Each structure stands twice: as C-alpha cells, then as structure tokens.
Amino acid sequence: MPSSRLLLVAPETDLRKSLLFALEAEGFEVTLRDAPPAHGWLARNRFDCTILDQKALAGEPYEAIAFCIKAHPVVLLAARPHPWLLEWVAGSVELPLSGNDIIAAIRAAAPGDAA
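Overview of the structure. None of these values were measured; they are calculated from a predicted model.

Another point: the overall build of the protein chain. Counting secondary structure elements, the protein chain contains five helices and five strands. Written out in order from the N terminus, the α and β elements of the protein chain read β-α-β-α-β-α-β-α-β-α. Viewed in the frame of its principal axes, the protein chain has a C-alpha envelope of about 40 × 30 × 25 Å. Here the protein chain, with 115 residues, has 41% of them falling under the buried criterion. Accessible surface, the protein chain: about 6300 Å² in total, of which carbon and sulfur atoms supply 53%. Considering the protein chain, the positive charge centre built from 10 side chains and the negative charge centre built from 14 side chains are found 5 Å apart.

All chains considered together, the criterion is met by one cavity of 30 Å³ or more. Volume-wise, the largest cavity comes out at about 40 Å³. Residue lining of the largest cavity: Leu 42, Arg 46, Phe 47, Thr 50, Lys 70, Ala 71 and His 72, and that is the complete set. Of the residues in the lining of the largest cavity, the class split is three nonpolar, two polar and two charged.

With that settled, consider the packing of aromatic side chains. For the structure on display, the rule yields one aromatic pair. Judged by centre distance (5.8 Å) and plane angle (25°), the ring pair of Trp 41 and Phe 47 falls under stacked. Over the ring of Phe 47 we find Arg 5; its NZ or CZ atom is 4.6 Å from the centre of that ring. Across the ring face of Trp 41, the terminal group of Arg 33 is positioned such that the distance to the ring centre comes to 4.5 Å.

Scoring rules and cut-offs
Numbering of residues starts from 1 in each chain and follows the order in which that chain's sequence is written. Two thresholds apply to this predicted model, a pLDDT of at least 70 for residue-level local features and 80 or more for giving and counting side-chain atom pairs, whereas whole-chain, interface and lining totals are computed over all residues. The basis for the side-chain values is all heavy atoms of the structure; hydrogens and waters are excluded. Here a helix means four or more residues in a row that DSSP labels H or I, a strand means two or more in a row labelled E, and each is numbered from the N terminus. Burial classes: relative accessible area under 20% of the type maximum marks a residue as buried, over 50% as exposed, and values in between as partly exposed (1.4 Å probe, protein chains only). Surface accessibility follows the Shrake-Rupley procedure with a 1.4 Å probe radius. Residue values consider only the protein chains on display as shielding. A positive count includes Lys and Arg, and a negative count includes Asp and Glu. His and the chain ends are not counted in either. Just so you know, the charge point we use is NZ for Lys, CZ for Arg, CG for Asp and CD for Glu. The distinction between a cavity and a pocket rests on a 1 Å grid over the protein atoms alone: a 1.4 Å probe fits inside a cavity but cannot get out, while a pocket stays open yet meets protein on both sides within 12 Å along at least five of seven lines, and a residue with an atom within 4 Å of a point counts as lining. Grid points are joined across faces, edges and corners, and a volume is the space filled by probe spheres set on the points. Residue classes follow a fixed rule: Ala, Val, Leu, Ile, Met, Phe, Trp, Tyr, Cys and Pro count as nonpolar, while Asp, Glu, Lys and Arg count as charged, and any other residue, Gly among them, counts as polar. Each Phe, Tyr or Trp ring, with Trp reduced to its six-membered ring, pairs with another whose centre is within 6.5 Å; inter-plane angles below 30 degrees give stacked pairs, above 60 give edge-to-face pairs, and intermediate values give tilted ones. Geometrically, a lysine NZ or arginine CZ counts as sitting over a ring once it is within 6 Å of the ring centre and also within 35 degrees of the ring normal.

Fair warning: the whole summary comes from geometry, so function is off the table for now.
Now the structure itself:
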C-alpha cells in the first residue's frame, strides 16, 4: 500500500525535524515547509493531510482560513489554538506533543488516505 503524502508546515526547525522522523517512521511521505505555501503551489502539489503549527500563521485571519480550506484536511498543532480557527481544521493536537497524538489525529482527519 502506498504511503500517504503529508505536508508539514512549522517554523521551528527542531519541531520539523522531530515530526519528520516520527512521521517517516510511520510510513508517511512528508514534505516540509517553514511557512504556509502559496495557493498555486498547493494546487499543484496535492497532499492527503496537512499538519500545521499555528505559529506558522503570520497574516490576517482570513489568510489562515483560506490556507486551511485549500490544504484540507488540516491537523492544527497549538498550545492554545485560536478559537476562530478550530472550525476550519479537521482536528487539533495540543503542544507539547505527547505519545502518538499526532498519528491518531492524522488518521482521524484523513481516514481513507492515512495508511
């Protein structure tokens, strides 16, 4: 069975590297970005699920919402998620991460795709 393609957007290098290691160990194919990519790039590069660190969102709320719509399904990583953002993501995981919470969230967000 082919691995699911994930987009991981996180500004902190240590978090990206740690999650990359854990997700690849689970068999996922992961593409890393330190900031949300342009909508055109997302359209050309489809992913089964996007993992988004809330710290990567630097613009206006409407820009974050537009990204979440385009990158759907999105699993949000945040210590304290923005309440207005929660309705635009498939799931959220509290930071700091513990156990296999991220894997469970990915599988819940994209159950047909996440192998």
